[in-house]
Amino acid sequence: MTGPDEVAGVTGTYQPAGMDASASGVPRLDVRDVTVRFAGLTALDAIGFTVEPGSVHAIIGPNGAGKSTCFNVLSGVYRATAGSVRFGDAELTSLLPHRIAALGVARTFQNIALSPRMSVRENLMLGRHRLTRAGFVSAGLRLPSARREAARHGERVIEIAAFVGLTERLATPVGLLPYGVQKRVELARALCMEPRLLLLDEPVAGMSGGERREMAELIVAVRESLGISILLVEHDMGMVMRLADAVTVLDFGRRIADGPPLEVQSDPEVIRAYLGAASEKEETAS
Ligand SMILES: Nc1ncnc2c1ncn2[C@@H]1O[C@H](COP(=O)(O)OP(=O)(O)OP(=O)(O)O)[C@@H](O)[C@H]1O
């Protein structure tokens, strides 16, 4: 059985490749005055926040607030209409998604984006793809250098699978795994990219209470073992309040609060935004 104990048991033994387990080598993410407009609609209106190296930072807000749009800008899927996103010395707003990934920004998706017929191991090997040096030809010819490289990546995949508690599932096709375990495979695949910043889009959406707890423990373990920065969008307030060092609150594309979780939770504008969203839902339901 895999579970939180196994996750906790390996904490501290897992090291980021080429880095020590501290926030050194992890740049600050600086989002400044980012605006995104879609024909007639301002999805993000000059928003800004900073993700400190090695911290867990949450973006929250009612439906349609602009959270996914923000993630899409950070990962290069959407182009910002204005503003800047700096990751250390790099300006991300002009880069394509694969260039942003190459800088060490990895992402998981709200809806699972894995290959269901492929095994856990194969899905994780896909995560290593951007780190693979062997060219198409040498890999195709199975040259010794390409074989050695594949073996190295294979070992790393085994280490990462152990860290997230997936050792016994390595040969299982992903589509046969329970939903909560698939979400862990997604996180493991993102870790296979050796990220310095991990973007988690609703990591516990659709999970049972037990699965939520396991995922929360895993996120803490990632932060503590790797010292990387984690930016997450999440609707589960309890989880945000427990996990996050800082919270940015969006509402209708505007940033309405930013700070430590306790401060943000008692901010009158945040309370108003959430109460407003709740009463709108009630009106639609009645
Ligand atoms: N590609 C797009 N084209 C047009 N409008 C879009 C596009 N993507 C998002 N929007 C709009 O931008 C606004 C913000 O949407 P976004 O998905 O970022 O919100 P969200 O906070 O992630 O919401 P949810 O919690 O429901 O996922 C919404 O009004 C949405 O309809």
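Residues numbered from 1 in each chain as written. Predicted model: local features only at pLDDT ≥ 70, side-chain atom pairs only at ≥ 80, totals over all residues.

*Asks:* Break down the pairing of strand 2 (residues 41-51) for me, with residues and values.
*Replies:* Note that strand 1 (residues 29-38) and strand 2 share seven bridges and pair antiparallel. Across the sheet, the residue bridging to Val-36 is Leu-44, located in strand 2. Two successive antiparallel strands, strand 1 and strand 2, enclose a turn made up of two residues, where Gly-40 displays a positive phi of approximately 85 degrees. (Pairing = 2+ DSSP bridges. Helix = DSSP H or I, 4+ residues; strand = E, 2+ residues; numbered from the N terminus.)

*Asks:* I'd like a rundown of helix 2 (residues 67-74), residues and numbers included.
*Replies:* Burial runs high along helix 2: seven of the eight residues are buried. Along helix 2, the positions that sit buried rather than exposed are Lys-67, Thr-69, Cys-70, Phe-71, Asn-72, Val-73 and Leu-74. Positive phi appears at Gly-76, one or two residues downstream of helix 2, with a value of about 85 degrees. (Buried ≥ 20, exposed ≤ 12 C-beta atoms within 10 Å, placed from the backbone.)

*Asks:* How would you sum up the sheet that holds strand 10 (residues 254-259)? Please name residues and give values.
*Replies:* Taking strand neighbours across the sheet as the criterion, the six strands line up as 6-7-8-3-9-10 in an open arrangement whose pairing is mixed. Two strands lie at the open edges of the sheet, namely strand 6 (105-108) and strand 10, each paired on one side alone. Direction aside, neighbouring strands of the sheet carry axes that sit 15 degrees apart on average. Relative to strand 9 (residues 246-251), strand 3 (residues 56-60) is paired through four bridges, and the arrangement is parallel. (Axes fitted to C-alpha atoms, helices over the stretch in contact; angles between N-to-C directions.)

*Asks:* Help me get a handle on the site of the ligand, residues and values and all.
*Replies:* In the vicinity of the ligand, the contacting residues are Phe-38, Leu-41, Ala-43, Gly-61, Asn-63, Gly-64, Ala-65, Gly-66, Lys-67, Ser-68 and Thr-69. Residue assignment for the shell around the ligand shows that the elements contributing at least two residues are strand 2 and helix 2. Per element, the largest residue contribution to the shell around the ligand is three residues, and it comes from helix 2. In terms of residue class, the shell around the ligand is built from four nonpolar, six polar and one charged. (Near = placed C-beta within 6 Å. Nonpolar A, V, L, I, M, F, W, Y, C, P; charged D, E, K, R; others polar.)

*Asks:* Summarise the packing of helix 4 (residues 120-127) against helix 7 (residues 179-191); cite the residues concerned and give the values.
*Replies:* Closest axis-to-axis distance for the helix 4/helix 7 pair is 7 Å, and the angle between their directions is 35 degrees. The handedness of the crossing between helix 4 and helix 7 is right-handed. Residues Val-120, Asn-123, Leu-124, Leu-126 and Gly-127 of helix 4 form the contact with helix 7, whose participating residues are Val-185, Ala-188, Arg-189 and Ala-190. Looking at the contact of helix 4 with helix 7 residue by residue, the classes come out as six nonpolar, two polar and one charged. (Left-handed = near helix turned anticlockwise from the far one by under 90°. Contact = placed C-beta atoms within 7 Å.)

*Asks:* Please set out the nonpolar core residue by residue, giving values where relevant.
*Replies:* With 68 residues, the main nonpolar core has Ile-160, Ala-161, Ala-188, Leu-198 and Ile-230 as its most contacted residues. Element by element, the count of residues in this core is highest for helix 8 (residues 209-226), at six residues. With residues near it in sequence (within four places) discarded, Ile-230 still touches Val-56, Leu-198, Leu-200, Ile-219, Val-222 and Arg-223. (Core = buried A, V, L, I, M, F, W, Y, C linked by C-beta atoms within 7 Å.)

*Asks:* Can you tell me about the pairing of strand 6, naming the residues and giving the values?
*Replies:* Along strand 6, one buried face is formed by Val-105 and Arg-107 and the opposite face, lined by Ala-106 and Thr-108, is buried too. Judged from the four bridges that link them, strand 6 and strand 7 (residues 197-201) form a sheet pairing that is parallel. By the bridge assignment, Ala-106 is partnered in strand 7 with Leu-198.

*Asks:* Which residues make up the environment of Leu-250, and what are the values?
*Replies:* Relative to the elements of secondary structure, Leu-250 occurs in strand 9. The buried category is assigned to Leu-250, around which 27 C-beta atoms lie within 10 Å. Taking the C-alpha atoms as reference points, Leu-250 and Thr-167, separated by 83 residues in sequence, lie 38 Å from one another. With near-sequence residues (within four places) excluded, Leu-250 lies in contact with Ile-47, Ile-59, Gly-61, Ala-65, Gly-66, Lys-67 and Arg-255.

*Asks:* Could you give an account of the sheet that holds strand 5 (residues 90-91), with specific residues and numbers?
*Replies:* In space, the four strands of this open sheet follow the order 2-1-4-5, with antiparallel pairing throughout. Two strands close off the open sheet at either side, each with one partner strand: strand 2 and strand 5. Across the sheet, helix 2 lies against strand 1, strand 2 and strand 4 (82-87), angled at about 65 degrees from strand 2, the strand it touches most.

*Asks:* Can you lay out unusual backbone geometry for me, pointing to particular residues and giving the numbers?
*Replies:* In the Ramachandran plot, Asp-33 falls in the positive-phi region, its phi being about 50 degrees despite a non-glycine side chain. You can see Asp-33 is positioned in strand 1. Positive phi, close to 50 degrees, is recorded for Glu-194, a residue that is not glycine. Summarising the element assignment, Glu-194 is placed in the loop between helix 7 and strand 7. Judged by local crowding, Glu-194 falls into the buried class, with 20 C-beta atoms found within 10 Å.

*Asks:* Before we move on, could you go through helix 4 and cite the residues and values that matter?
*Replies:* Turning to helix 4, its buried residues number three or more, namely Val-120, Asn-123, Leu-124 and Gly-127. Around the axis of helix 4, the buried residues are gathered within 95 degrees of arc, so they sit on the same side. (Arc of directions from axis to C-beta.)

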